[in-house]
Amino acid sequence: RGRRCCARAFRVWSSLLCSWSEVIAAMLGHAEMEEARSRELHLRGFTQEAVEQFLRFLYTGRLTAEPSVLLEVAALADKYHIVGLADRIVKCTARLITPQNACDLLSLALS
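Residues numbered from 1 in each chain as written. Predicted model: local features only at pLDDT ≥ 70, side-chain atom pairs only at ≥ 80, totals over all residues. Heavy atoms only, no water.

Counting residues in hydrophobic clusters, the biggest one holds 25 residues, and the most contacted among them are Phe-54, Leu-58, Leu-63, Val-73, Leu-76, Tyr-80 and Leu-85. Secondary structure elements with two or more residues in this core: helix H1 (14-20), helix H2 (22-29), helix H4 (48-60), helix H5 (67-79) and helix H6 (83-96). If one sorts the elements of this core by residue count, H4 sits on top with six residues. Once residues within four sequence positions are removed from consideration, Leu-85 is found in contact with Phe-54, Phe-57, Leu-63, Val-73 and Ala-77. (Core = buried A, V, L, I, M, F, W, Y, C linked by side-chain atoms within 4.5 Å. Buried < 20%, exposed > 50% of the residue type's maximum accessible area, 1.4 Å probe, protein only. Helix = DSSP H or I, 4+ residues; strand = E, 2+ residues; numbered from the N terminus. Contact = heavy atoms within 4.5 Å.)

As structure tokens, then:
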């Protein structure tokens, strides 16, 4: 499992992120918020792979990742209220859960 730290910077279109997420739009749109002043959004507590998959979905509408990464992406979708992504992950995860990986995924989800 990857580290829960993403030190990589991603250059993204703020208008795209804001179109997907009212939470991000509020963070970037209110002058008193640090994110609005710095024009940076720090996604702490997530692996680089999860952040990459999260952004890939926002740009392309495509989502391909291992179940453990999908759980992290689901947490990002929940944190930033991106309903379309959360729905997609539920469908993907349901197809990927097997008797062999179900306990591991439950453990990841609870951590």
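Turning our attention to the packing of aromatic side chains. Evaluation of the coordinates by the stated rule reveals two aromatic pairs. Geometrically, the ring pair formed by Trp-20 and Phe-57 is tilted, given 5.3 Å between the ring centres and 55 degrees between the ring planes. Here Phe-57 lies in helix H4 and Trp-20 lies in helix H1, a separation of 37 residues in the sequence. Accessibility expressed as a relative area gives 30% for Trp-20, which makes it partly exposed. (Phe/Tyr/Trp six-rings, centres within 6.5 Å; stacked < 30°, edge-to-face > 60°.)

Moving on, we get to H4. For H4, with 13 residues, the first-to-last C-alpha span of 18 Å sits near the 18 Å given by 1.5 Å per residue. All buried positions along H4 are accounted for by Ala-50, Val-51, Gln-53, Phe-54, Leu-55, Phe-57 and Leu-58. Elements in contact with the buried residues of H4: H1, H5 and H6. A positive backbone phi angle near 80 degrees is found at Gly-61, which sits one or two residues after H4. (Expected span 1.5 Å × (residues − 1).)

Together, Val-12, Trp-13 and Tyr-59 give the surface a local cluster of nonpolar side chains, amounting to about 330 Å² of exposed area. With respect to the helices and strands, Val-12 occurs in the segment before H1. (Patch = residues over 30% accessible without salt bridge, like charges linked within 9 Å, V, L, I, M, F, W, Y side chains within 5 Å. Areas by Shrake-Rupley, 256 points an atom, 1.4 Å probe, with all protein chains shown as cover. Salt bridge = Lys/Arg side-chain N within 4 Å of Asp/Glu carboxyl O.)

This paragraph deals with the confidence of the model for the chain. Confidence in the prediction of the chain, expressed as mean pLDDT, is 80, and 92% of residues score 70 or more. The element-level mean pLDDT for the chain is lowest in helix H3 (residues 34-38), coming to 75, with H4 highest at 90. (pLDDT = per-residue confidence, 0-100.)

Position of Ser-38 among the secondary structure elements: in helix H3. Among the residues examined, Ser-38 registers a relative accessible area of 28% and is labelled partly exposed. Note: C-alpha distance between Ser-38 and Leu-28 (10 residues apart in sequence) is 9.0 Å.

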